[in-house]
Amino acid sequence: MNSVGQEQISLSEKFYKQKIKAVNRSITIYGDKGDAIELNAENSSGLGIIEDIEFKKGIIEIELLGENNPGKSFIGIAFNIENDETYEAVYFRPFNFKAEEQIRKEHMVQYIYHPEFTWRKLREERTGEFENEINMPPDPDDWFKAIIHISDKTVNVYVNDLPEPVLTVDRLSSIKSTSIGIWTGFGSSGRFRNLVIKD
């Protein structure tokens, strides 16, 4: 961290320096500008664990690009990564951003703690507590910014310039790790750029 408690991280630079560990995924550079990276789609959850960054609590900002492809676009950020299978994550389902059915609208943004608390377990046992609708959702085929405020006990998720959080949850884990990474879900690719970490 620098003196103002903010660190801008070039994901493409981390990629070129081999400082992103791919878990169940391949990572490539995305786009003409070369400033974004992409995780490919596999039939599992995937991570890109970013090395040389320590984060316990504060704010994570990142720009994400999913797609309007039902059941095939789950994209977000993982934190408190204990190992390749155990971590907290906040992710989005862009294919629900333009949904007309209320049941799909309610599933736009999600918090999980793998492997114990999957989206399915949380939806079945604690319905509506760990996922939510976004009142002014982004374009599912365009870049959007996620701003995630993480404290000891809670996670608040903001999108773009919306003043109110789109999701507020009580964390299902205590802080056990300083590792963070990019994340995509089952059968999903995703594109990531402009990562900023703040104290």
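Residues numbered from 1 in each chain as written. Predicted model: local features only at pLDDT ≥ 70, side-chain atom pairs only at ≥ 80, totals over all residues. Heavy atoms only, no water.

Draft legend 1. View of the overall build of the protein. Within the protein, the regular secondary structure consists of 3 helices and 15 strands. Put simply, the protein has 199 residues, and 51% of those count as buried. Sequence separation of 24 or more characterises 66% of the internal contacts of the protein that already satisfy a separation of 6 or more. When the accessible area of the protein is evaluated, it comes to approximately 9600 Å², of which 42% is carbon and sulfur surface. (Helix = DSSP H or I, 4+ residues; strand = E, 2+ residues; numbered from the N terminus. Buried < 20%, exposed > 50% of the residue type's maximum accessible area, 1.4 Å probe, protein only. Contact = heavy atoms within 4.5 Å. Areas by Shrake-Rupley, 256 points an atom, 1.4 Å probe, with all protein chains shown as cover.)

Draft legend 2. Structural view of the layout of surface pockets. In this structure, the largest pocket occupies an estimated 220 Å³ of space. For the lining of the largest pocket, the secondary structure elements donating two or more residues are strand E9 (109-114) and helix H3 (119-125). In terms of residue class, the lining of the largest pocket is made up of 7 nonpolar, 6 polar and 3 charged. (1 Å grid on protein atoms, 1.4 Å probe; cavity = no way out; pocket = protein on both sides within 12 Å on 5 of 7 lines; lining within 4 Å. Points joined across faces, edges and corners; volume = space filled by probe spheres on them. Nonpolar A, V, L, I, M, F, W, Y, C, P; charged D, E, K, R; others polar.)

Draft legend 3. Seen up close, the nonpolar core. In terms of nonpolar packing, the biggest core is built from 43 residues, with Phe92, Tyr111 and Leu195 touching the most fellow members. With 4 residues, strand E11 (residues 144-150) is the largest single contributor of residues to this core. Sequence-distant contacts of Phe92, defined by excluding residues within four places in its chain, comprise Leu64, Ser73, Phe74, Ile75, Phe97, Met108, Val109, Ile134, Phe144, Ala146, Val157 and Val159. Judged by nonpolar contacts, the second largest core, of 12 residues, contains Leu47, Ile49, Phe95 and Trp183. (Core = buried A, V, L, I, M, F, W, Y, C linked by side-chain atoms within 4.5 Å.)

Draft legend 4. Examining the packing of aromatic side chains more closely. Within the structure shown, the criterion is met by 8 aromatic pairs. Consider the rings of Phe92 and Phe144, whose centres lie 5.1 Å apart with planes at 80°: the pair is edge-to-face. Of this pair, Phe92 sits in strand E8 (residues 87-92) while Phe144 is found in strand E11, placing the two residues 52 residues apart along the sequence. Like Phe92, the residue Phe144 is buried in the burial classification. What links up through ring pairs into an aromatic cluster is the set Phe74, Tyr91, Phe95 and Trp183. The ring of Tyr30 has Arg191 sitting right over it, with the charged end atom 5.6 Å from the ring centre. The aromatic ring of Trp143 is capped on one face by Arg193, whose charged end is 4.0 Å from the ring centroid. (Phe/Tyr/Trp six-rings, centres within 6.5 Å; stacked < 30°, edge-to-face > 60°. Lys NZ or Arg CZ within 6 Å of the ring centre and 35° of its normal.)

Draft legend 5. Seen up close, unusual backbone geometry. The amide bond that connects His114 to the next residue, Pro115, takes the cis arrangement and shows omega of 0°. For Pro115, the position within the fold is in the loop between E9 and H3. Unusually for a residue other than glycine, Asp52 sits at a positive phi of about 65°. Locating Asp52 in the fold gives a position in the loop between strand E5 (46-50) and strand E6 (58-65). Residues other than glycine seldom take positive phi values, yet Asn194 does so here, at roughly 55°. Tracing the sequence through the fold places Asn194 in strand E15 (residues 190-198).

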